[in-house]
Amino acid sequence: MKFGKEFAAQMVPEWQGAYMDYDYLKTLLKDIQSFNQRTKQQQSVPHGLKRSLSMYRAFSGLLVHRHGQHSIDPTSPDVEEHPIFVNSVNRNGSEKYETTFLMQGDEGGEYELVYFRRLDDEFNKVDKFYKSKVAEVMQEAETLNKQMDAFIAFRIKVENPQGWPWQDRSHDMTRLASAVAASTAMLAASIPAGARASSMANKLKEHRPAPLHILDRVKMNNTLATPGSTIKVFLNAPKQSDLKFNRENLTRVENKLKRAFVEFYRKLLLLKSYSFLNTLAFSKIMKKYDKISSRDASKSYMNMVDGSYLGSSEEATKLMERVEATFIKHFANSNRSKGMNILRPKARKQRHTTTFYTGFFAGCGFALIVALILIIRARHILGHDGTDQYMETMFPLYSLFGFIVLHTVLYAINVYFWRRYRVNYAFIFGFKQGTELGYREVLLVSFGLAVMALASVLSNLDMEMDPKTMDYKAFTEIVPLILVVVVIVILFLPFNILYRSSRFFFLNCLFHSILAPLYKVRLPDFFLADQLTSQIQAFRSLEFYICYYGWGDFRHRKNSCNSNDVFNTFSYIVAVIPFWSRMLQCLRRFFEEKDTLQGYNAGKYFITIVALCLRTAYSLNRGLSWEILALIFSVAAAVVCTYWDLVYDWGLLQRHSRNRWLRDKLLIQRKSVYFGAMVLNVLLRFAWLQTVFNFKLFDLHRQNMITIVASLEIIRRGMWNFFRLENEHLNNAENYRAFKSVPLPFNYEEDEDE
């Protein structure tokens, strides 16, 4: 693999704009190469055409670095061997590096001059970004220091309420940022030995554990969002933040600090990788320059890179060592292997068995579909008298699995394209590192469920009663119910099999969505609620399961659900639940975040609820007045939702964008994809027109039309998912937000005052 592709593959997606633009610099080198090929110059120009270096020596005062270590002395005897001078200048209070190209007089030198100017811009960008991120982690290390002080004092208080003398526990206090500062101070040659000794003495004093009275100015952070805490906030009940020294709180504090340390260590790993990759990229691009221009400039430039903050800073590396030591000692019982496994969880490996079984179930599903078509045609089943009865009873039961399989297959396609276009979906959704499912795993689940559903369809496909018994086989009639129970049992299975982490993550988000607005709204919660709004027909199928097997005569494949007032009433409620949940989530964000946009979003869902209820009323009652009301509100809801999809969820329709009517940044190079998606989204948004005007296509049964319209909405949602997450990813990248914030267990009074 070429370095450019490897470099792009190893970038932190949200920091992509902060990396060296390797491809752009390569294009500049290609311009130099093209010029050299056109002029057919030799490796070196004639000696007589070389410009005297006295012109550059006249400005030597501007070229020498103030510390004298990042540039070449222009008065040195070997200066003619170097085509460039690299020096640092202080502009607007910030240090920048500039390269002076000494061969401008050579033919084609203007191309090389442009190259070095852009190269300096890229390096200064990288160096500045790295400095800012290191400063952030050093500040965060100080915060973790204070948290560790309180944690160790809290642990001592719990394990020994009488307290222990600090002399016996001095080895327990591990400092982070202070230790790094001490170690880096020792590296600075400009600091006198006496000052270094005094500095180290001060740092050693800081290694002493904080006395237990530190707990007097510490409170517990109650970040656990529960319905009870939400109700207390709504009622303005006083917060119970006093420290309670018990094992339960100690475990809770320890778990929070564990998560904080793991996330902090991940930041350090990414910073170290950022420094290494960019340094390597500058080395590679300078070697390419030397090869194309036949000069020897890489050594001079890389001396500057190695001496810069990017190349010489060891704060991140030393901080990693201190974090490892602290974590292993306090959170892994001094077991290094255990501690490092937690700090550096292994990435999920692609197993051949997953690929094999995915293909196996895909083949089985295809074979069952072919068998189903052949049996229907061979037996002329669609022409039997029992066709209508089958379509009104069994078909809604099995269509449930069709909706689920279609949605999961589309999610697998989304995952594939998210990975292809480097959308960090695992970070955006908040999956635990290494537990996110790839598209193969999702397809395995989808095809496995599809095979079970198709096999059960074949088991009771007959549409007429047995002529001898005048009855259906009771066992085959309950096959759909058995399949639903099996799926639910697998979903709630507590054992560490069948992707338990992902199953529980899904259930947790589902629980939060159902109990909205009692839980704080996170992105995966409202993203799942949006998915549920596209599964209205699946919810109605579940309602039909309850009616059919609870109050219907399933042994004779008969039911009176559609004529039951209770069933029809719940048809309204079931259809409204996902939109109602989503509206409550928007209202909570509106009151909590003071975001007016969320208030408008809640209004959008309210209009949709009204339109959905009117369409349901029209389908049950029929009548001109119901039809007119359903049409007016449905059109209004569709227009508002379409505008919201395109402008706010996808970030498109920006008139003054660099890509007209799109965004400034696009992950897909072909703009036609975005315009096609916008048009398709509009068309699929109005698929509900069939429920109002009752279109007849190919003389299909009513249940078939309902299923087709519901499937079109699921397909629209699958398309919406990609562009919605792409927009979220680009917003994160714009702010370089590559880490999730982890709540800390303690809050200091001085921090509260600030």
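In short, a report on the structure.

What counts and how
Residues numbered from 1 in each chain as written. Predicted model: local features only at pLDDT ≥ 70, side-chain atom pairs only at ≥ 80, totals over all residues. Heavy atoms only, no water. Core = buried A, V, L, I, M, F, W, Y, C linked by side-chain atoms within 4.5 Å. Buried < 20%, exposed > 50% of the residue type's maximum accessible area, 1.4 Å probe, protein only. Helix = DSSP H or I, 4+ residues; strand = E, 2+ residues; numbered from the N terminus. Contact = heavy atoms within 4.5 Å. Patch = residues over 30% accessible without salt bridge, like charges linked within 9 Å, V, L, I, M, F, W, Y side chains within 5 Å. Areas by Shrake-Rupley, 256 points an atom, 1.4 Å probe, with all protein chains shown as cover. Salt bridge = Lys/Arg side-chain N within 4 Å of Asp/Glu carboxyl O. Pairing = 2+ DSSP bridges. Phe/Tyr/Trp six-rings, centres within 6.5 Å; stacked < 30°, edge-to-face > 60°. Lys NZ or Arg CZ within 6 Å of the ring centre and 35° of its normal. Disulfide = S-S within 2.5 Å. Axes fitted to C-alpha atoms, helices over the stretch in contact; angles between N-to-C directions. Parallel < 35°, antiparallel > 145°, perpendicular 65-115°, else oblique. Left-handed = near helix turned anticlockwise from the far one by under 90°.

### Some remarks on the nonpolar core
In globular proteins that are soluble, nonpolar side chains generally tend to be buried together. Counting 82 residues, the largest nonpolar core has Trp15, Tyr115 and Tyr301 as the members making the most contacts within it. Tallying contributions element by element places helix 5 (residues 109-159) first for this core, with 21 residues. Apart from residues no more than four positions distant in its own chain, Tyr115 is found in contact with Leu25, Leu28, Leu29, Ile32, Ile285, Met286 and Tyr289.

### With respect to a nonpolar patch on the surface
A contiguous nonpolar surface patch, about 720 Å² in accessible area, is contributed by Met452, Phe475, Ile482, Val486, Ile490, Phe495, Ile497 and Leu498. The element contributing the most residues to the nonpolar patch is helix 20 (residues 479-492), with 3 residues. In this structure, Leu498 sits in the loop between helix 20 and helix 21 (500-514).

### Examining the pairing of strand 2 (residues 94-101)
The pairing of strand 1 (residues 84-91) with strand 2 spans 8 bridges and is antiparallel. In the sheet register, Asn90 faces strand 2, and the bridge partner there is Glu95. Between strand 1 and strand 2, which follow one another and run antiparallel, lie 2 residues, and Asn92 among them has a positive phi close to 55°.

### Observations regarding the environment of Leu269
Note on placement: Leu269 falls in helix 10 (residues 247-293). Taking relative accessible area as the criterion, Leu269 reaches 27% and is therefore assigned partly exposed. Expressed as a C-alpha distance, the spacing of Leu269 and Thr317, which sit 48 residues apart in the sequence, is 8.6 Å. When sequence neighbours within four positions are dropped, the list of residues in contact with Leu269 reads Met320 and Arg344.

### Considering the packing of aromatic side chains
Per the stated rule, a full pass over the model turns up 50 aromatic pairs. Ring plane angle 15° and centroid distance 5.6 Å describe the contact between Phe3 and Phe7, whose orientation is recorded as stacked. Of this pair, Phe3 and Phe7 both sit in helix 1 (residues 3-9), separated by 4 residues, roughly a single helical turn. Both residues of the pair, Phe3 and Phe7, count as buried. Their ring planes at 85° and their centres at 5.1 Å tell us that Tyr416 and Phe417 sit as a pair that is edge-to-face. We classify Phe417 as partly exposed; its relative accessible area is 29%. Every member of this aromatic cluster is reached through a ring pair, and the members are Phe3, Phe7, Trp15, Tyr19, Tyr22, Phe129, Tyr130, Tyr274 and Tyr309. Above the ring of Tyr748, the side-chain terminus of Lys146 is found at 4.7 Å from the ring centroid. Stacked on the ring of Phe245, the Lys or Arg Lys157 has its end atom at 5.9 Å from the ring centre.

### So, the state of the cysteines
As enumerated under the stated definition, the model contains 1 disulfide in all. What pairs with Cys547 in a disulfide is Cys561, and their sulfur atoms sit 2.0 Å apart. Measuring the twist about the S-S bond at about -110°, one finds the Cys547-Cys561 disulfide to be left-handed. Of this pair, Cys547 sits in helix 23 (residues 536-551) while Cys561 sits in the loop between helix 23 and helix 24 (565-593), placing them 14 residues apart in sequence.

### A closer look at unusual backbone geometry
That bond from Ala516 to Pro517 is cis: its omega, 10°, falls within 30 degrees of zero. Following the sequence through the fold, Pro517 ends up in the loop between helix 21 and helix 22 (523-533). Unusually for a residue other than glycine, Leu498 sits at a positive phi of about 55°. In the Ramachandran plot, Leu653 falls in the positive-phi region, its phi being about 55° despite a non-glycine side chain. With respect to the helices, strands and loops of the structure, Leu653 is situated in the loop between helix 26 (624-649) and helix 27 (671-685).

### Things to note about the side chain of Thr279
Secondary-structure assignment places Thr279 in helix 10. By relative accessible area, Thr279 is classed as buried at 17%. When near neighbours in sequence (up to four residues on either side) are disregarded, Thr279 contacts Met302, Val305, Asp306 and Leu310.

### Side note on the packing of helix 5 against helix 13 (residues 315-331)
Angle between the axes and distance between the axes: these two values describe a pair of packed helices. Orientation of helix 5 relative to helix 13, taken along the N-to-C sense of each, is 20°, at an axis distance of 11 Å. Relative to helix 13, the element helix 5 lies roughly parallel. Of the two elements, helix 5 crosses helix 13, and the hand of that crossing is left-handed. Across the interface between the two elements, Tyr130, Val134, Val137, Met138, Ala141, Met148, Phe151, Ile152 and Arg155 from helix 5 touch Glu315, Ala316, Leu319, Thr326, His330 and Phe331 from helix 13.

Read these as spatial facts, not as claims about activity.
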